[in-house]
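Coordinate inspection notes
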Amino acid sequence: MEWNANCALKSLKDTRVGGYYEKGSAVQIAKPRKKAMTSAYLKFFETAADGKSRSCKFCGQTYSIATATGNLGRHLSSRHPGYDKSGDSITGTALQSSGSTAVLKPQSGAKAPKVDLDGVNWLLLKWLSLASLPPTILDDGLLANSLKILNPSIEIWSSEKFQPVLFGVFRSMQENVRTTLDQISSKVALAIEFWSSYEQITYMGVTCQWIDDNWSFQKVLLDICRVPYPCGGSEIYTCLVKIIKMFHIQDKILACTHDNSPSAMLACHTLGEDADAHKMGPFCFIPCAARTLNMIIEDGLGPAKALISKARDFVMEMNTSSDISKDFLHFTTAYQEGSWKIPLDVSAVWSGQYQMLDLIHKVNSFFDCTLFISSIKEDCESFSCRLLSVQLVIICLREVCAAPIYFCLQASKSVDAVARKYEETLANRMLLNSVEKNAVSIMHEYLEPFYKTTNNLCAEKVLTLGLVLFFMDHISEMIAPCKGSLHFPDWLKSVAQDMAEKALAYTNQVCNIFTYISVVLDPRIKGELIPESLNVEKNIEEARTHFLRTYSSHHFLPLSTAEYGDGTSMSFAEEIARKKRKASTGSPTDELTLYLSEPLAPISTDAMEWWKINSTRYPRLSLMARDFLAVQATSVAPEELFCFKGAEIERQRFGIPHEYAQVCLCVKSWIESGHMFKCTEIDYDRLVGIAAESRGLTVCRTKNKKGIDHV
C-alpha cells in the first residue's frame, strides 16, 4: 500500500470527530485553527483605493497598511479620547482643516445618553462669560468636533446665535444690578479705573461699594464703557454721569476713588461741583492709595532694575527646564529650606520683582560667605591648622560676624547647588561685582517693609480707608529717615527724596473732613492712630457738626425687648441705668464723644463685625459709620496691582475685541460677585443631573463664599 501525503491528509480529514482526530484507537487533540487578523480599531480608519495605506476618519492622519493595529489604537487614544464611546462606525471622509464635522453612527441597540442640546449651549455660554472669551472663538469648529465625539447629536450654536443670547443675558443681569441698588438705604461710594486694549481703545470700569443692613461689605461692577478720544476729564465726566443716571444713584453717592490720573481727578472735581450745585449732600474724591504706593515702590526699585532683569533670566531658565526645577526642589527638601512653588514668579509686578531681588540677595550672600570661609581656611592652613573644619568656621563666623551671615549661608544652599551643577547655564548670571552686591544688600533691606505692607493690604478682607492711611503713614515714616541719614549712600538718598515727594502729594490730596470721618469711625484707628496730617482740632469739630446736622434727626422705634449688641437680653436694672445715662447726656453728639473715649479695638478686629455688635449702643453714629466706612482707599484691589493676578487680568482685558468688551467683562464680574446668571430657559441643576445619570455618576454641588455653584 502506497502512502503519501495526499492519502495522509485525506485520512485525517475523514477521521476528524468533533474537534478530535481518531487514528486507530488513539484520540489526539488538534491545534485550533488560527483566526484571521481583525481589530476594533480598523473601523475608525479608511483604506485607500490602492490598498497601501489607511487614513483616520477623524483627522485624516495616514498610516501604512502594514502598521500594527496597536499603533492605530494608540493614535485614537491620544488624538481622539472617547472615540470608543461614540458609535460603531464613522461615515464620511476624514476631517480636513476646513472644520467639517464628524458624523458618528450610534451603536446598534445602544441607548444614546440624554442630552439637553440647548442646555449644553447655555453652559458653554456661561463658560465663555467666566473666561471673558468672545463667542467668535467657537467659529474654528474644534470644540464642536470634540463634542461630536462624545455625542453625535450635539449641535453647537453659531457665533451669530451666541451674540444676541449673550447680549440678552447682559441686559437681564444689568437690570438685576439696578434693582439691587434701588433697595439700598445707605450711601454708596464709587471707584473708577482705566485700561487700554490691543485696539488702542481706552475703557473705564465703574465699581459701586456699600455696606448693607447686615453690616456686610458689598461691591458690584456697574459698567464698562469706552472713553471717547481724547480721553480727557470732560469725556470721563460725561461717561461717569451717564452710568450714575442709568443706575439711579445720583442722590446716594458719597465719594469717588480715582486712579490718580489728572483727567480722572478733573472729572471727579466736576462731579463734586454738580453735587454742590444740586445740593445732593457731601461728596469727596480720593486718590488711589494702591497706585500711589506702587509708584513709590517703582522709584525705590529704579537702581536695581538691571540686576532684577539678570535674576529673571536665571529663574526663567530654571522654570523652563524640568531637570533644573527637579534638582532645585530636591535640594530645598534635602537642606530643609522650606517649600518652593515652581515656576517662580517672574512677572513684572511688585511681587515678582521683589522675589527676584530676594533671590539675588540670598545667592550672593552665600557666595560672599563661601569666599570668606575659604580665605580663613587658607590662613589657618598656613599656620598648620589643617584640622579646622567648615563647621568650626561657621561657628567662628557666628561669633565674630553675627547670625545673619549664617542665615544667608543656610538659605542659599539650594540655589548654589543648582548653580554649581549647571554652571555653564546658570552660574555666571548670578555672580555680581562688589558694587552690585552692596547695592542689592542695601536695597533689599530698605524695601522689605514695603513688601510686608503690600502683603498685609492684599490679605485684608475689607480694606477700610482708616487702615490704608495707617499703612501709608507708616510708609512715610520709613522713607523720611533715609533722606538725611549718613548711613545710606547718596543714590539711595536721591531715590528716597522722589519717594517722599509722591507720599506727600498723596497725603495732601487725601486730607479732608470726609476722609477724617471715615478714619475716625474705624474702631481700630479712631483718634490715636490717625495720621498726624489729619489729626487737627478743627476736624473733630466739623465731624460733630456734620453728625448733628445729618444723623441726629433720625427717629428710632423703641425696642420691645431690649438687647445688647451681641443679641443677649438686657436686665431690668441695666435698662434703668441706660435711661439715666441717656437723660444725663441729653445730646446725640455724646454718642461720638463716648465712642472716641473708649479704647481702640485690636488691629485684627473686623470693623464691620464690630459695628454690627455695637450698633445698638450707637444707633445714630452707626448710621454715619455705614455711610463713611464704604468709602474705599483704592480704585483697584491691591492683589490685582501687586500680585500675579493683576498680570492675568491685564492680559485678559488687553485681548478682548471691542464689540464684546463691555458684555463679557460685566457678565463675568456679575457672576463672580454672586448675581444669578439670568436664564429662564435652562435649569442648570437638572442639566447637570441628566449628564451625571448618563455617565452613572453621583454629583455633589457646593457653593463658594460668593455663592457660585461648583460641581
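These numbers were taken from a predicted model, which means no experiment stands behind them.

**Quick notes on the sheet that holds strand β12 (residues 253–258)**
Taken in spatial order, the five strands line up as β11-β10-β9-β12-β13 in an open sheet, and their pairing is mixed. With one partner strand each, in any of the chains shown, β11 (217–226) and β13 (284–287) form the two edges of the open sheet. Here the average twist between neighbouring strands, direction ignored, is 25°. With four bridges connecting them, β12 and β13 associate as parallel partners. Note that in β13 the partner of alanine 255 across the bridge is cysteine 284.

**A look at the pattern of salt bridges**
Side chains carrying opposite charge are able to pair once their charged atoms draw close together. Inspection of every chain in the model, using the stated rule, returns eleven salt bridges. The residue arginine 653 makes a salt bridge to glutamate 193 at a minimum N-O spacing of 3.4 Å. Highlighted residues: arginine 653 in helix α25 (residues 644–655) and glutamate 193 in strand β9 (residues 188–196), separated in sequence by 460 residues. Accessibility classification places arginine 653 together with glutamate 193 in one group, the buried group. Residues lysine 668 and glutamate 672 are paired through a salt bridge, measuring 2.8 Å at the closest nitrogen-oxygen approach. Highlighted residues: lysine 668 and glutamate 672, both in helix α26 (residues 658–672), separated by four residues, approximately one helical turn. Judged by its relative accessible area of 29%, glutamate 672 falls in the partly exposed class.

**A look at the packing of helix α18 (residues 513–520) against helix α19 (residues 537–551)**
Axis angle and axis distance: for two packed helices, these are the angle between their axes and the distance between the axes, and together they describe the pair. Orientation of α18 relative to α19, taken along the N-to-C sense of each, is 85°, at an axis distance of 10 Å. Classified by the interaxial angle, the pair formed by α18 and α19 is roughly perpendicular. For the pair formed by α18 and α19, the contact residues are Ile513, Tyr516 and Ile517 on the first element and Asn539, Ile540, Glu542, Ala543 and His546 on the second.

**A look at the sheet that holds strand β4 (residues 45–47)**
Read across the open sheet, the three strands follow the order β4-β5-β6; overall the sheet is antiparallel. The two strands at the open ends of the sheet, each matched to only one other strand, are β4 and β6 (62–64). Each strand of the sheet is rotated relative to its neighbour by a mean of 30°, with strand direction disregarded. Pairing of β4 with strand β5 (residues 53–56) involves three bridges; the strand directions are antiparallel. In the sheet register, threonine 47 faces β5, and the bridge partner there is arginine 54.

**Describing the packing of helix α8 (residues 289–301) against helix α15 (residues 434–459)**
Put simply, α8 and α15 touch, their axes get as near as 11 Å, and they point 160° apart. Between α8 and α15, the angle falls in the class roughly antiparallel. In terms of crossing hand, the pair formed by α8 and α15 is left-handed. Of the residues in α15, those touching α8 at Leu293, Ile296, Ile297, Gly300 and Leu301 are Met443, Leu447, Phe450, Thr453, Thr454 and Leu457.

**Observations regarding the confidence of the model for the chain**
Per-chain confidence: the chain averages 75 in pLDDT, with 71% of residues scoring 70 or above. Per-element confidence in the chain is highest for strand β10 (residues 202–211), whose mean pLDDT is 96, and lowest for helix α13 (residues 403–411), whose mean pLDDT is 35. Note that pLDDT drops below 50 for residues 366–411; the model gives that stretch 36 contacts with residues more than four away or on any other chain. Low pLDDT, under 50, characterises residues 697–711; the predicted model gives this stretch 24 contacts beyond four residues in sequence or across chains.

**Things to note about the pairing of β10**
When you tally the buried positions in β10, you get ten out of ten residues, the bulk of the element. Here β10 shows two buried faces, one formed by Thr202, Met204, Val206, Cys208 and Trp210 and the other by Tyr203, Gly205, Thr207, Gln209 and Ile211. Here eight bridges tie β9 to β10, and the two strands are oriented antiparallel to one another. If you follow alanine 189 over to β10, its bridge partner there is glutamine 209. Hairpin connection, β9 to β10: the antiparallel pair is bridged by five residues, and glutamine 200 has positive phi, about 60°. When β10 meets β11, the two strands line up antiparallel, connected through nine bridges. Across the sheet, residue methionine 204 finds its bridge partner in β11, namely cysteine 225. Hairpin connection, β10 to β11: the antiparallel pair is bridged by five residues, and tryptophan 215 has positive phi, about 60°.

Procedures and definitions
- Residues numbered from 1 in each chain as written.
- Predicted model: local features only at pLDDT ≥ 70, side-chain atom pairs only at ≥ 80, totals over all residues.
- Heavy atoms only, no water.
- Pairing = 2+ DSSP bridges.
- Helix = DSSP H or I, 4+ residues; strand = E, 2+ residues; numbered from the N terminus.
- Axes fitted to C-alpha atoms, helices over the stretch in contact; angles between N-to-C directions.
- Salt bridge = Lys/Arg side-chain N within 4 Å of Asp/Glu carboxyl O.
- Buried < 20%, exposed > 50% of the residue type's maximum accessible area, 1.4 Å probe, protein only.
- Parallel < 35°, antiparallel > 145°, perpendicular 65-115°, else oblique.
- Contact = heavy atoms within 4.5 Å.
- Left-handed = near helix turned anticlockwise from the far one by under 90°.
- pLDDT = per-residue confidence, 0-100.

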